Amino acid sequence: MLKRWLLALVARVGIIALVICCCLSLIYLLACKPAAHHKQQSLLWSGEGTSKEGYMALLQEREDSHKHYINSLTKQIAQLKEALQERTQQLQESLAKAKAKGILPLGLDSLHNTPTQSDLKEFFRSQLNLAEVNSGRKLLSEYAVIHFDAFTLRRVYQLETGLTRHPEEKPVRKDRRDELISTLETALHVLNGPQQRSDTTRRKHTYSPSDFIEGLTRTERDRGTVYELMFKGEGPQHFTQLVFFRPFGPVMKVKSERVDTRNMLINIIVPLSRRADAFRQFISNFREVCIRQDGRVHLTVVYFGRDEVDQVKAILDQTTRETRFRNFTLIQVNEEFSRGRGLDVGARAWRRSQNVLLFFCDVDIHFTSDFLTSCRLNADPGKKVYYPVLFSQYNPSVIYSNQTHLPPVEQQLVIKKETGFWRDFGFGMTCQYRSDFINIGGFDRSIKGWGLEDVHLYRKYLHSKMMVIRSPSRGLFHLWHEKHCADELPLDKYKMCMQTKAMSEASHGHLGELFFKQEIEAHLNSQKQMN
């Protein structure tokens, strides 16, 4: 009897809570006008000029339309919240009594332990207290400082630029742009809201986006993001500062699954023309990593022309004799070299029924067995493609100029600021399944020679619904080699080639030493004479 009464009580409370939620949703829909919101959002960062009078007229119109609702909505929301809290408290008390008596029906125990809104607010408040917002924090060194990014209505000024981003740029990423827009709109809503406007000192001024001066933002990965926004005040020496904090919630498990890579074969495709010595070095790494350590790979070499092809065949034959490894395919194409064409031919030449995982590679690439594992884990047919950012080696003769002999290649592959850089402007090395490559349309076959074919393919995936995994890879290296930019290249490709050549030579520090070599030697000589 008591169980039926308890179930009836729970049902009634649930119905009442549902009605209250519906009422709140209806009131919210009446009070908010998404069309105006999206219109204003599109104007903020579009770059189109909008006068201050236009913004003020828009804000005045919205204020007038909401003025009739404010008092009634405030009372209704307060009453609904009070009723909801009362019903929730009654339900919690009833469930607590039933649990104490041991008569809580199966399945209702989770309701008793459900976090309340106050628990959520308390958690967010603790995140704010732990973050460096209201006060500073003792740091170990200058490297522990989390810097701010500055932003205005149309620009973001950032320190972490890499090689593809700029110190000052428009917020290109949609999530970044929407984040800053929503923060600015929240600030305007607060400044022009009833609580602020009740203050007689601020009553005469209606804030608009043109009053925004500058904002600062930074993110503590385990706490949240803080925003500091500056607005013009009543006079030239008066300003209004707002601080917002977007707290992060606890880590939430999305999925947990086992991945079996034992049968995941990787087809490594290498387009090649001449460069037999570089191919010999590539095969040396291939024998160690792919044959001795991994064993689940196939190598496809697409060779352009006839020069040095006999040397390439001899290297493959020698590898087969010494290792008994026969998973090679050599395709000879009597055409002018085109990287995109070679990779496309190699991908389409696969005749087995298995949907093989492709790794588009170059002869100057050095990879480890850990990279092959990342290749298998970060590519998923129909879902994900993997575009790793490789570490590009500087000129070893510059890096190790103070040593008598260059160290072996394996000892040169150290990820440091002085030895190389993350090649975040390159998209040529990628892991993707053959079915995805075919369905996306493959490479643009009209591109000849060096460059751009990888960017076009990368953009195809960005414009599709596939997830692109883009991250630095600690097991993928580009070995330095002398770069020649052909005179017959078009101007845009020639400039790209020369920029890459300049970036790949040495770090800023080493280039400075080379540039000021005479001054440094003169200083050393003067020091010797003084001593």
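Residues numbered from 1 in each chain as written. Predicted model: local features only at pLDDT ≥ 70, side-chain atom pairs only at ≥ 80, totals over all residues. Heavy atoms only, no water.

**Section: the nonpolar core**
Right, so step 1: Judged by nonpolar contacts, the single largest core of 40 residues is most densely connected at Ile-268, Phe-279, Phe-282, Phe-286, Leu-299, Phe-359 and Phe-367.
Right, so step 2: The dominant element in this core, judged by the number of residues it contributes, is helix H8 (residues 276-294), at eight residues.
Right, so step 3: In contact with Phe-282, other than residues within four places in its own chain, are Ile-268, Val-270, Leu-299, Cys-361, Asp-362, Val-363, Ile-365 and Phe-367. (Core = buried A, V, L, I, M, F, W, Y, C linked by side-chain atoms within 4.5 Å. Buried < 20%, exposed > 50% of the residue type's maximum accessible area, 1.4 Å probe, protein only. Helix = DSSP H or I, 4+ residues; strand = E, 2+ residues; numbered from the N terminus. Contact = heavy atoms within 4.5 Å.)

**Considerations on the pattern of salt bridges**
Right, so step 1: All chains considered together, the criterion is met by 14 salt bridges.
Right, so step 2: Salt-bridge contacts for Asp-307 lead to Arg-274; the nearest nitrogen and oxygen are separated by 3.4 Å. With Asp-307 in the loop between strand E8 (297-304) and helix H9 (309-323) and Arg-274 in the loop between strand E7 (266-272) and H8, this pair connects stretches of sequence that are 33 residues apart.
Right, so step 3: On the accessibility criterion, Asp-307 (44% relative accessible area) is partly exposed.
Right, so step 4: On the basis of relative accessibility, which here comes to 43%, the residue Arg-274 falls in the partly exposed class.
Right, so step 5: Bridged by salt links that share partners, the residues Asp-294, Arg-296 and Arg-376 form one connected network. (Salt bridge = Lys/Arg side-chain N within 4 Å of Asp/Glu carboxyl O.)

**Quick notes on the packing of aromatic side chains**
Right, so step 1: Counted according to the given criterion, the structure contains 24 aromatic pairs.
Right, so step 2: Arranged with centres 4.2 Å apart and planes meeting at 25 degrees, the rings of Phe-427 and Tyr-458 form a pair that is stacked. Here Phe-427 is found in the loop between strand E13 (420-422) and strand E14 (430-433), whereas its partner Tyr-458 is found in helix H15 (residues 453-462), with 31 residues between them in sequence. Across this residue pair, the class does not change: Phe-427 and Tyr-458 are buried.
Right, so step 3: Counting every residue linked through ring pairs, the aromatic cluster contains Phe-279, Phe-282, Phe-286, Phe-325, Phe-328, Phe-359, Phe-367, Phe-371 and Tyr-386.
Right, so step 4: Over the face of the ring belonging to Tyr-458 we find Arg-470, whose NZ or CZ atom lies 5.8 Å from the ring centre. (Phe/Tyr/Trp six-rings, centres within 6.5 Å; stacked < 30°, edge-to-face > 60°. Lys NZ or Arg CZ within 6 Å of the ring centre and 35° of its normal.)

**Considerations on the state of the cysteines**
Right, so step 1: One pass over the full model with this rule turns up two disulfides.
Right, so step 2: Here Cys-375 is linked by a disulfide to Cys-431, with a sulfur-sulfur distance of 2.1 Å. With the S-S dihedral at roughly -120 degrees, the linkage between Cys-375 and Cys-431 falls on the left-handed side. In this pair, Cys-375 sits in helix H11 (residues 369-377) while Cys-431 sits in strand E14, placing the two residues 56 residues apart along the sequence. The residues Cys-375 and Cys-431 share a single accessibility class, namely buried. (Disulfide = S-S within 2.5 Å.)

**Observations concerning the packing of H8 against H9**
The relative placement of two packed helices comes down to the angle between their axes together with the axis-to-axis distance.
Right, so step 1: Their axes nearest at 10 Å, the elements H8 and H9 cross at an angle of 25 degrees. As summarised for this structure, H8 and H9 are arranged roughly parallel, according to the angle between their axes. For the element pair H8 and H9, the recorded crossing hand is right-handed. From H8, Ala-276, Phe-279, Arg-280, Ile-283, Arg-287 and Ile-291 reach across to H9, where they touch Gln-311, Val-312, Ile-315, Leu-316, Thr-319, Glu-322 and Thr-323.
Right, so step 2: Among the residues forming the contact of H8 with H9, the class breakdown is seven nonpolar, three polar and three charged. (Axes fitted to C-alpha atoms, helices over the stretch in contact; angles between N-to-C directions. Parallel < 35°, antiparallel > 145°, perpendicular 65-115°, else oblique. Left-handed = near helix turned anticlockwise from the far one by under 90°. Nonpolar A, V, L, I, M, F, W, Y, C, P; charged D, E, K, R; others polar.)

**Structural notes on a nonpolar patch on the surface**
Right, so step 1: Taken together, the side chains of Phe-515, Phe-516, Ile-520 and Leu-524 make up a nonpolar region of the molecular surface, amounting to roughly 420 Å² of accessible area.
Right, so step 2: Mapped onto the secondary structure, Ile-520 falls in helix H18 (residues 517-530). (Patch = residues over 30% accessible without salt bridge, like charges linked within 9 Å, V, L, I, M, F, W, Y side chains within 5 Å. Areas by Shrake-Rupley, 256 points an atom, 1.4 Å probe, with all protein chains shown as cover.)

**Here we look at the pairing of strand E15 (residues 467-478)**
Right, so step 1: Looking at chain direction, strand E11 (residues 365-367) and E15 are connected through three bridges and run antiparallel. Its bridge partner lying in E15, Phe-367 is registered against Leu-476. (Pairing = 2+ DSSP bridges.)

**Brief notes about the packing of H8 against H11**
Right, so step 1: Orientation of H8 relative to H11, taken along the N-to-C sense of each, is 70 degrees, at an axis distance of 9 Å. Relative to H11, the element H8 lies roughly perpendicular. Judged by residue contacts, Val-289, Cys-290, Gln-293 and Asp-294 of H8 engage Ser-369, Leu-372 and Arg-376 from H11.
Right, so step 2: Split by residue class, the contact of H8 with H11 holds three nonpolar, two polar and two charged.

**Structural notes on the side chain of Gln-412**
Right, so step 1: Note on placement: Gln-412 falls in helix H13 (residues 409-412).
Right, so step 2: Setting aside its immediate chain neighbours within four residues, Gln-412 contacts Gln-393, Pro-396, Tyr-400, Leu-406 and Pro-407.

**Digging into H15**
Right, so step 1: Those residues of H15 that fall on the buried side of the exposure criterion are Glu-453, Asp-454, Val-455, Leu-457, Tyr-458 and Tyr-461.
Right, so step 2: Those residues of H15 that are buried lie in contact with helix H10 (339-348), strand E10 (357-360), strand E12 (384-393), E14, helix H14 (434-440) and E15.

**Some points on unusual backbone geometry**
Right, so step 1: In this model, Arg-275 sits at a positive phi of 50 degrees, which is unusual for a non-glycine residue.
Right, so step 2: Tracing the sequence through the fold places Arg-275 in the loop between E7 and H8.
Right, so step 3: Relative accessible area serves as the criterion here: at 33%, Arg-275 is assigned to the partly exposed category.

**Describing the pairing of E10**
Right, so step 1: Residues of E10 alternate between two faces, with Leu-357 and Phe-359 on one and Leu-358 and Phe-360 on the opposite face, all of them buried.
Right, so step 2: Where E10 meets E14, four bridges bridge the pair, whose relative direction is antiparallel. Considered in E14, the bridge of Phe-359 is made with Cys-431.

**Here's the deal with the environment of His-456**
Right, so step 1: Mapped onto the elements, His-456 comes out in helix H15.
Right, so step 2: Residue classification places His-456 among the partly exposed residues on the basis of a relative accessible area of 30%.

**A few points about the confidence of the model for the chain**
Right, so step 1: Per-residue pLDDT for the chain has a mean of 80; in total, 77% of the residues score no lower than 70.
Right, so step 2: Between residues 34-44, whose pLDDT stays under 50, and residues either more than four places distant or in other chains, the model counts 19 contacts. (pLDDT = per-residue confidence, 0-100.)

**Comments concerning the environment of Asn-395**
Right, so step 1: Mapped onto the secondary structure, Asn-395 falls in the loop between E12 and helix H12 (396-399).
Right, so step 2: Residues Asn-395 and His-481, spaced 86 residues apart in sequence, show a C-alpha to C-alpha distance of 7.5 Å.
Right, so step 3: For Asn-395, the residues in contact, after removing those within four places along its chain, are Trp-480, Ser-504 and Glu-505.

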